[in-house]
Amino acid sequence: MATKHEQILEHIESLSVGSKISVRRIAKALNVSEGTAYRAIKEAENQDLVSTMERVGTIRIEKKKKENIEKLTFAEIVNVVDGQVLGGREGLYKTLSKFVIGAMKLEAMMRYTEAGSLLIVGNRTNAHELAVKEGAAVLITGGFDTSETVKKLADEKKLPVISTSYDTFTVATMINRAIYDQLIKKEIVLVDDIYTSFEESKFLQSLDPVAKWHEFNTATGHSRYPVVDQQNRVVGIVTSRDVIGKDKETRIEKVMTRNPMTVHAKTSLANAAHVMVWEGIELMPVVDPSHKLQGIISRQDVLKALQHIQRQPQVGETIDDLATNRMEVIAEDDSNPVWQTKVTPQMTNPLGTMSYGVFISLITEASSRLLRKYKKGDLVVENISVYFIKPVQIESDIEVRPQILEVGRKFAKVDIEVHHEKSIVGKALLMAQLIDR
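Presented here is a report on the structure given in the accompanying data block.

How each quantity is defined
- Residues numbered from 1 in each chain as written.
- Predicted model: local features only at pLDDT ≥ 70, side-chain atom pairs only at ≥ 80, totals over all residues.
- Heavy atoms only, no water.
- Core = buried A, V, L, I, M, F, W, Y, C linked by side-chain atoms within 4.5 Å.
- Buried < 20%, exposed > 50% of the residue type's maximum accessible area, 1.4 Å probe, protein only.
- Helix = DSSP H or I, 4+ residues; strand = E, 2+ residues; numbered from the N terminus.
- Axes fitted to C-alpha atoms, helices over the stretch in contact; angles between N-to-C directions.
- Left-handed = near helix turned anticlockwise from the far one by under 90°.
- Contact = heavy atoms within 4.5 Å.
- Nonpolar A, V, L, I, M, F, W, Y, C, P; charged D, E, K, R; others polar.
- Parallel < 35°, antiparallel > 145°, perpendicular 65-115°, else oblique.
- Salt bridge = Lys/Arg side-chain N within 4 Å of Asp/Glu carboxyl O.
- Pairing = 2+ DSSP bridges.
- Polar contact = N/O pair within 3.5 Å; in protein donor to acceptor, adjacent residues only side chain to side chain.

This next bit is on the nonpolar core. In this structure, Met354, Leu362, Leu371, Ile398 and Val418 are the most contacted members of the largest nonpolar core, which totals 27 residues. Counting residues per element, the ones that place at least two in this core are α16 (356-374), β20 (397-407), β21 (411-420) and β22 (423-436). Of all the elements, α16 adds the most residues to this core, at 7 residues.

In structure tokens, the structure reads:
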């Protein structure tokens, strides 16, 4: 039977997009405490089912697909610009296709303003009205209000009219930043993107006989299966090692390994890969917050996905990308290559010298590139010991010189020196696990 928490989440999911949600209303409708309702609404927010805004409240929103993630909803715009909704609240869940800055004559502005877009404009009521009539939402900058006619029209057409105290340039910058952040999120592959769903997964019940494992093994050729109780909660995992020599009538619960490592769907793939490599796990059950089985993820799935990610063009650059994408080889010696880069403004700390985080990114990237020459695989950093680091000024050219001390089938040790103008400015030892492809 579903818990109260799960019942509330199911109820929220069943509500139509745009519905208003309140703790009190949920508590009353499902006969639960307000605390339970509040926790479930927060979980729904984490799952992108609802969005909470100041002065508006919580509304049910459309769950965005991964390929659509760079499109912002009007509700997200309200949060980004700390806005106030003047009209058209029922349309907050909609996504905008583009935004237009109204810094031109009215006729010219309307040429660019189309249905689904957002017009960013100051105190120009006639522009507000025309935009809403065209099917566009309006973001009024400078903290100005609009006319009652526009508010009424916005409510009728379910198109938000939002007011913000920021100026037009600041607002456009904030929205661009939010879209850019979404692009980076789009590139971060989660367990959710690759795991085998519950419907397609093979799993055993704790009361099943060992004979059932043999049935599955014959049908699929796989030897590892999660074990669930009667409520579908993961209680164990069973492998060929557990069932060898056991009577076929013995219950699975007697032979399984209890309390296996599990992973949540929203965990990043890099994190899952690290756990699987570190613990030597071939298969991990994917569970929801109530520990119920949602599906499975295998080591093979993880490795395939990691290889796929490396072949993708990067759209949103992270700090690591900015720090490492200018690294160029200046010495081609296979065993002792040297990479060179320049300390750009983005790579510095408030004192104008290279930041410690960038130093770590550079030595990790250089070690990874060197190890790829030896091993066709990926690197999971286990430990970095920095012996010393000296300040390096902005615009300085630095050289990164990694040297392999030891490399095995699954483990590597690399010594790295960072040079500037023929003197050592940093020295570190990196230890890593290697994931074979």
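All right, on to the packing of helix α2 (residues 23-30) against helix α3 (residues 34-46) then. At their nearest, the axes of α2 and α3 sit 8 Å apart, and the two run at 115 degrees to each other. Viewed along their axes, α2 and α3 form a crossing whose handedness is right-handed. Counted together, Val23, Arg24, Ile26 and Ala27 of α2 and Glu34, Ala37, Tyr38 and Ile41 of α3 form the full contact between these two elements. A per-class count over the contact of α2 with α3 returns 6 nonpolar, no polar and 2 charged.

The next thing to look at is the side chain of Ser298. Within the secondary structure layout, Ser298 lies in strand β16 (residues 293-298). Accessibility expressed as a relative area gives 18% for Ser298, which makes it buried. Beyond its immediate stretch of four places on either side in the chain, Ser298 contacts Met276, Glu282 and Leu283.

Packing of helix α1 (residues 4-14) against α3 brings their axes to within 9 Å, and their N-to-C directions diverge by 55 degrees. With respect to α3, the axis of α1 lies oblique. Here the hand of the crossing between α1 and α3 comes out right-handed. Contact with α1, carried on its side by Lys4, His5, Ile8, Leu9 and Ile12, involves Thr36, Ala37, Arg39, Ala40, Ile41, Glu43 and Ala44 of α3 and no other residues of that element.

Note that side chains of opposite charge can pair when their charged atoms are close. In the structure shown here, the tally under the stated rule is 19 salt bridges. Ionic pairing is found between Arg24 and Glu34, a salt bridge with its closest N-O pair at 3.8 Å. Here Arg24, found in helix α2, pairs with Glu34, found in helix α3; they are 10 residues apart in sequence, far enough to count as distant. Classification of Arg24 by relative accessible area gives exposed; the value is 63%. Judged by relative accessible area, which is 43%, Glu34 ranks as partly exposed.

Another aspect to go through is the pairing of β16. The buried count for β16 comes to 5 of 6 residues, which makes it a mostly enclosed element. Pairing of strand β9 (residues 196-197) with β16 involves 2 bridges; the strand directions are antiparallel. Looking at β16, one finds that Ser197 is bridged to Gly295. Where strand β15 (residues 283-287) lies against β16, 5 bridges are found, and the strand directions are antiparallel. Residue pairing in the sheet places Leu283 in a bridge with Ser298 of β16.

Taken together, 4 strands build an open sheet; the order of strands is β9-β16-β15-β14 and the sheet is mixed. Looking along the sheet, the strands with just one partner apiece sit at the ends: β9 and β14 (263-264). Contacts between helix α13 (residues 269-279) and the sheet are confined to β14, β15 and β16, with β15 contributing the most and set at about 135 degrees to the helix.

The next thing to look at is the environment of Val81. Of note, Val81 is situated in the loop between α4 (74-80) and β4 (84-87). For the pair Val81 and Met174, spaced 93 residues apart in the sequence, the C-alpha separation amounts to 7.0 Å. Each residue touching Val81, except ones within four places of it in the same chain, is listed here: Leu139, Thr164, Tyr166, Val171, Met174 and Ile175.

Examined against the element boundaries, Ser163 turns out to sit in strand β8 (residues 161-163). Residue Ser163 is classed as buried on the basis of its relative accessible area of 8%. Within polar-contact distance, the side chain of Ser163 engages the backbone oxygen of Phe144 at 2.9 Å. Residue contacts for Ser163: discarding those within four places in its chain leaves Gly83, Gln84, Leu86, Ile140, Gly143 and Phe144.

As a further point, take the environment of Asn232. Relative to the assigned elements, Asn232 resides in the loop between β11 (225-228) and β12 (234-238). You can call Asn232 partly exposed: its relative accessible area is 23%. Those residues within four positions of Asn232 in sequence are excluded, and the remaining contacts are Phe198, Phe203, Gln205, His291, Lys292 and Leu293.

Turning to the sheet that holds β8, a few remarks are in order. The 5 strands are arranged β4-β8-β7-β6-β5 in an open sheet whose pairing can be described as mixed. Looking along the sheet, the strands with just one partner apiece sit at the ends: β4 and β5 (98-101). Taking each pair of neighbouring strands and ignoring which way they run, the sheet shows an average axis angle of 25 degrees. Note: β4 against β8, 3 bridges, orientation antiparallel. Within the sheet, the bridge partner assigned to Gln84 lies in β8 and is Ser163. The strands touched by helix α7 (residues 148-157) within the sheet are β4 and β8, with β4 carrying the most contacts at an inclination of about 90 degrees.

Read these as layout, nothing more, since geometry by itself doesn't imply function.
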